[in-house]
Amino acid sequence: MSTPNSLIEISDVSKSYSLSSGTFFALQQVNLKIDSGHLVAITGKSGSGKTTLLNVIAGIDRPTAGRVVVNGAQIDRMTERQLAPWRGANIGVVFQFFQLLPTLTIAENVMLPMDFCNTFHRSVRRKRALQLLEMVDVAEQADKLPSALSGGQQQRAAIARALANDPPILIADEPTGNLDSSTAQTIFQLFINLSKGGKTVILVTHERELAESFDVVFEMKDGRISQDASNKMSVSI
Ligand code: ADP
Ligand code: MG
């Protein structure tokens, strides 16, 4: 069972867009609780609302209705000014196409969130970046530009960057969608290890065969969410 105070608690969240054809709901009355340290998968067809849901959890998208509480903060009530530092400290984001800054070295990319949020003293940021790159096994690439790295190496570096400020939550939107399957397996193993180490990890993924590695699998359909029936873990939604 999830605890009364889950790390992430989404209540009756809807996100709608006004289109010329009428109101379109990207999320419809979504309820969801995720506990600390869990490894969670979100699956569903293209256009079902997965990215919108991740963006709502990260405070990137604002819901049009409902309540979003993440790590004790009701983020749907926060201003943009409050949200940016909050996000930097609480959420690490990993993208499908890595999104490393091309003109910065790998180490500089990892230092960027520390510079932006002014976490960790300036004098220790590079050392910390190198330690994180070591952890994800790309320390030897630290002083290269992203273009010199393979896709898998770039995604490892992007995971190190997401961990820069030691956030309790990592979200990743189809992080292996652009990688070959054996590289994808090693990236998944990293996420599994991070969740075993105490991080809460939420992945949008289509890798159904990995379902047993997840504490819970949610499926999205037309902006609504359901818990995968094959999943044995009890998480209330
Ligand atoms: P998924 O990640 O599952 O593919 P998304 O969350 O990106 O789905 O999108 C869910 C639905 O919301 C899609 O139909 C998409 O076209 C729509 N949508 C997303 N952003 C906007 C927007 N800014 N304006 C209108 N519709 C949008
Ligand atoms: Mg998406």
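Attention here is on the structure that accompanies the text. Computed from a prediction, not measured in an experiment: that's the story for all the values here.

### Some points on the overall build of the protein
The number of helices and strands found in the protein is 6 helices and 10 strands. Dimensions of the protein, computed from C-alpha atoms along their principal axes, come out at roughly 50 × 40 × 40 Å. For the protein, the proportion of its 237 residues judged to be buried stands at 53%. A sequence separation of at least 24 residues applies to 66% of the contacts in the protein between residues at least 6 apart.

### Focus: the sheet that holds strand 2 (residues 22-34)
An order of 2-1-4-5 is seen for the 4 strands of this open sheet, with the pairing classed as antiparallel. Each edge of the open sheet carries a strand with a single partner, namely strand 2 and strand 5 (73-74). Sheet contacts for helix 1 (residues 50-57): strand 1 (8-19), strand 2 and strand 4 (65-70); angle to strand 2, the most-contacted strand, approximately 60°.

### Some remarks on the site of ligand 1
Neighbouring residues of ligand 1: Tyr17, Phe24, Ala26, Lys45, Ser46, Gly47, Ser48, Gly49, Lys50, Thr51 and Thr52. Thr51 is positioned such that a nitrogen or oxygen atom in its side chain is 2.8 Å from an oxygen atom of ligand 1. Of all the secondary-structure elements, those providing two or more residues to the shell around ligand 1 are strand 2 and helix 1. Looking at the shell around ligand 1 residue by residue, the classes come out as 3 nonpolar, 6 polar and 2 charged.

### Considering the packing of helix 5 (residues 151-162) against helix 6 (residues 181-196)
Orientation of helix 5 relative to helix 6, taken along the N-to-C sense of each, is 15°, at an axis distance of 10 Å. Taken together, helix 5 and helix 6 sit at an angle that is classed as roughly parallel. You can see that helix 5 and helix 6 cross each other, and the crossing is right-handed. Here Gly152, Gln155, Arg156 and Ile159 of helix 5 come into contact with helix 6, specifically with Thr183, Thr186, Ile187, Leu190, Phe191 and Leu194.

### What to know about the nonpolar core
Counting residues in each nonpolar core, the largest one holds 38 residues, and the members touching the most others are Leu133, Ile159, Phe191, Leu203 and Phe214. Elements represented by at least two residues in this core include exactly strand 3 (39-44), helix 3 (106-117), helix 4 (122-135), helix 5, strand 7 (169-173), helix 6 and strand 8 (200-204). Element by element, the count of residues in this core is highest for helix 6, at 6 residues.

### Describing the sheet that holds strand 9 (residues 216-221)
Pairing is mixed in the open sheet, where 6 strands are placed in the order 6-7-8-3-9-10. In this open sheet, the two edge strands, each paired with only one partner strand, are strand 6 (91-94) and strand 10 (224-227). Neighbour-to-neighbour, the strand axes of the sheet open up by a mean angle of 20°, direction not taken into account. Strand direction decides the pairing type here: strand 9 and strand 10, joined by 4 bridges, are antiparallel.

### Things to note about the pairing of strand 3
Among the 6 residues of strand 3, 6 are classified as buried, and the element is accordingly described as predominantly covered. Alternating residues of strand 3 divide into Leu39, Ala41 and Thr43 and Val40, Ile42 and Gly44, and every residue in both groups is buried. In terms of strand pairing, strand 3 meets strand 8 through 4 bridges, oriented parallel. Among the inter-strand pairings, Ile42 is bridged to a residue of strand 8, identified as Val204. Pairing of strand 3 with strand 9 involves 5 bridges; the strand directions are parallel. Its bridge partner lying in strand 9, Ala41 is registered against Val217.

### Observations concerning helix 3
Working note: α-helix, 3.6 residues per turn, so residues spaced by three or four point in the same direction. Listed as buried for helix 3 are Ile106, Ala107, Asn109, Val110, Met111, Pro113 and Met114. Buried residues along helix 3 sit against helix 4 and helix 5. Following helix 3 by one or two positions, Asn118 has its phi on the positive side, about 55°.

### Re the pairing of strand 2
Note on strand geometry: in a regular strand, side chains alternate between the two faces of the sheet. In the sheet, strand 1 pairs with strand 2 via 9 bridges, with the strands oriented antiparallel. Each residue of the ladder has a partner; that of Tyr17, found in strand 2, is Phe24. Between the end of strand 1 and the start of strand 2, which pair antiparallel, lie 2 residues.

Here is what the cut-offs are and how they apply
- Residues numbered from 1 in each chain as written.
- Chains lettered and ligands numbered in written order.
- Predicted model: local features only at pLDDT ≥ 70, side-chain atom pairs only at ≥ 80, totals over all residues.
- Heavy atoms only, no water.
- Helix = DSSP H or I, 4+ residues; strand = E, 2+ residues; numbered from the N terminus.
- Buried < 20%, exposed > 50% of the residue type's maximum accessible area, 1.4 Å probe, protein only.
- Contact = heavy atoms within 4.5 Å.
- Pairing = 2+ DSSP bridges.
- Axes fitted to C-alpha atoms, helices over the stretch in contact; angles between N-to-C directions.
- Near = heavy atom within 4 Å.
- Polar contact = N/O pair within 3.5 Å; in protein donor to acceptor, adjacent residues only side chain to side chain.
- Nonpolar A, V, L, I, M, F, W, Y, C, P; charged D, E, K, R; others polar.
- Parallel < 35°, antiparallel > 145°, perpendicular 65-115°, else oblique.
- Left-handed = near helix turned anticlockwise from the far one by under 90°.
- Core = buried A, V, L, I, M, F, W, Y, C linked by side-chain atoms within 4.5 Å.

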